[in-house]
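Chain by chain, the residues:
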Amino acid sequence: MTPDFIGVTGLPRAGSTLLCQLLAQHPEIHCDGHSSPLCNTLLGMRRMVSDDQFFLSQLDNSFQSSYAHLASAMQGFLRGWYHDCEKKAVVDKNRAWLHAIELLLQLAPEARLIVCIRELGQIYGSIEAQHQRTILVDFIDHLADFDRFGRADMLFAKDKAIGAPLISLSAVQDLPVEVQKRLYFLRFEDLMAQPVACMSHLYAWLGLSPFAINPEQLTTGAQESDSHYRMKYLHRQSARIAQPKRHEIPSRIQTHIEAACAWYYDLYYPINQ
C-alpha cells in the first residue's frame, strides 16, 4: 500500500514541531517529526538533470520518452523514501515544500500540504527571546552583531529565516485554485486555543478516521537536532500543550513588521476577525 503524502511547512516558530507531534498521535499516520531532506534532494535532482549533457542530448529526438523516464524516476525516489511505511499516510516536514508544491503534486497527485503560520511580531519575538538566552553564540547567518531593529529587519529579508518562507506564502495567491485546495493554513494561535477541535478538523481534511487528541497527555518522540542552527530555533516536544508566554515587542518594530507585511495580515489576520 502506498501511503498518502502529507507535507508540513510554514514559518519558523509557528508550531510545526508541535503539529508533527500531534499528527503522530493519530494511529493512521507515520510522522517522525524531523525535518526531512526529501524536498531538497528532489529540487537538487531537477537542477542536476537539467544541466546534464547526456539527458539534454536525448530531448531533441525523444522528448516524450526521456521526460517520462525522468518523471518515473523522481516519483519512484519520492515513493521509495518511505517504502517501509505501513500506515495510511506519511508526513514529511520541510520549509521548502510550499515553494515546491506544484512539483510535489506532479509526483504525488494526492499530496496535501499543511502550512503553519503565526502572528509575525510573535515569531520575531520568539526568535529574539531565544537569541537573548543564547547571546554568546551567533546565528548561522551572523545576525548577532545587529541591534534589535536591524536584526528584525534582516530576519525578514528574502533569503532569511522569516522572509524566505514569507515569499512562498505571498506566491500562494498566484497558484491555480485546484492547487490552493491542497493547502491547509493552520494558525498557531488557533492550535493553542483549541487544539482538540483544530486537530479533529485537520484529520478530517486529510481524509483520516476521526480521532481526538488528549492535550494533557501527548506521546513524545526523538528530539530533533538544534545545534545546526546554533540553538536559535528549538524543536522541543512536551507531554502536554501549554500556552506560550506572549512576547513584548517594541512598538517601532511591530509597526515596521505590520507595514512591510500588510498583505499577510490582510489574508491571515484580518482586523475584523
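Thresholds, definitions, all that
Residues numbered from 1 in each chain as written. Predicted model: local features only at pLDDT ≥ 70, side-chain atom pairs only at ≥ 80, totals over all residues. Heavy atoms only, no water. Salt bridge = Lys/Arg side-chain N within 4 Å of Asp/Glu carboxyl O. Helix = DSSP H or I, 4+ residues; strand = E, 2+ residues; numbered from the N terminus. Buried < 20%, exposed > 50% of the residue type's maximum accessible area, 1.4 Å probe, protein only. Pairing = 2+ DSSP bridges. Phe/Tyr/Trp six-rings, centres within 6.5 Å; stacked < 30°, edge-to-face > 60°. Lys NZ or Arg CZ within 6 Å of the ring centre and 35° of its normal.

1. Description of the pattern of salt bridges
Right, so step 1: Counted under the stated rule, the structure contains 8 salt bridges.
Right, so step 2: The salt bridge involving Asp141 is made with Lys160; its shortest N-O contact spans 3.8 Å. Within this pair, whereas Asp141 is found in the loop between helix 5 (120-133) and helix 6 (148-155), its partner Lys160 is found in the loop between helix 6 and helix 7 (163-171), the two being separated by 19 residues in sequence.
Right, so step 3: Overall, the relative accessible area of 23% leaves Asp141 in the partly exposed class.
Right, so step 4: For Lys160, a relative accessible area of 15% translates into the label buried.
Right, so step 5: One salt-bridge network, held together by shared partners, links Glu128, Arg148 and Arg151.

2. Comments concerning the sheet that holds strand 5 (residues 183-187)
Right, so step 1: The strand order 2-3-1-4-5 describes an open sheet built from 5 strands, whose pairing is parallel. The open sheet has two edge strands, strand 2 (29-30) and strand 5, and neither has a second partner.
Right, so step 2: Where strand 1 (residues 4-10) meets strand 3 (residues 89-93), 5 bridges bridge the pair, whose relative direction is parallel. Its bridge partner lying in strand 3, Gly7 is registered against Asp92.

3. A word on the packing of aromatic side chains
Aromatic ring pairs are described here by two measures, namely the spacing of the ring centres and the angle between the planes.
Right, so step 1: By the definition in use, this model includes 13 aromatic pairs.
Right, so step 2: Between Phe63 and Tyr67, the aromatic rings sit 5.4 Å apart at their centres with planes inclined by 20°, giving stacked as the arrangement. With a gap of 4 residues between them, Phe63 and Tyr67 both fall in helix 3 (residues 53-81), about one helical turn apart.
Right, so step 3: When its relative accessible area of 40% is taken as the criterion, Phe63 is described as partly exposed.
Right, so step 4: The exposure class of Tyr67 is partly exposed, given its relative accessible area of 46%.
Right, so step 5: With 5.8 Å between their ring centres and 90° between their planes, Trp263 and Tyr264 make a pair best called edge-to-face.
Right, so step 6: Through a chain of ring-to-ring contacts, three or more aromatic side chains come together here, namely Phe185, Trp263, Tyr264, Tyr265, Tyr268 and Tyr269.
Right, so step 7: Stacked on the ring of Tyr269, the Lys or Arg Arg187 has its end atom at 4.8 Å from the ring centre.

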